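Summary of structural features
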Amino acid sequence: MYPYHTLIKRRIRAGELTGYEYVEDYPRIGRALVLYFSTCPAVRPIRPHRYFEYVPLLTAWEGGAFRPPTDFE
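First, a word on scope: everything that follows refers to the structure included in this document. (Residues numbered from 1 in each chain as written. Predicted model: local features only at pLDDT ≥ 70, side-chain atom pairs only at ≥ 80, totals over all residues. Heavy atoms only, no water.)

Considering the packing of aromatic side chains
Enumeration over the complete set of coordinates arrives at three aromatic pairs. Ring centres of Y20 and Y22 lie 6.3 Å apart, and the angle between their planes is 85 degrees; this geometry places the pair in the edge-to-face category. Consider the rings of Y20 and W61, whose centres lie 6.0 Å apart with planes at 70 degrees: the pair is edge-to-face. Taken together, the residues Y20 in strand 1 (residues 17–26) and W61 in helix 2 (residues 51–62) connect sequence positions 41 residues apart. (Phe/Tyr/Trp six-rings, centres within 6.5 Å; stacked < 30°, edge-to-face > 60°. Helix = DSSP H or I, 4+ residues; strand = E, 2+ residues; numbered from the N terminus.)

Structure below.
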């Protein structure tokens, strides 16, 4: 089985997340949390029953916990 959520969470912690939004009409899904990344695949939807897994990560991301690596680190 493809570890969809594991890889997305790893990408968030790696600093690849650039933004997110909650939408009501994501194609073929409907209501979703849509995550935007700086690397491909750039857009990843999350279904409502998995939101609770992302709230702590998104809160930490908003607080600056995860930032992209730089060439100087």
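There's more to say after this.
Observations regarding unusual backbone geometry
The residue after C40, namely P41, is reached through a cis peptide bond having omega -10 degrees. Within the secondary structure layout, P41 lies in the loop between strand 2 (30–37) and strand 3 (43–46). The backbone of R28 shows a phi angle near 65 degrees, a positive value even though the residue is not glycine. Within the fold, R28 resides in the loop between strand 1 and strand 2.

Examining the nonpolar core
One finds I8, I12, L17, L33, L35, F37, I46, Y51, Y54, L57, L58 and F66 forming the largest nonpolar core, which totals 12 residues. For this core, the secondary-structure elements that each account for two or more residues are helix 1 (4–13), strand 2 and helix 2. No other element matches helix 2, which puts four residues into this core. Residues in contact with F37, not counting those within four places in the same chain, are I8, R11, I12, E16, L17, T18, A42 and R44. (Core = buried A, V, L, I, M, F, W, Y, C linked by side-chain atoms within 4.5 Å. Buried < 20%, exposed > 50% of the residue type's maximum accessible area, 1.4 Å probe, protein only. Contact = heavy atoms within 4.5 Å.)

Note that every value here comes from positions in space, so none of it alone points to a role or purpose.
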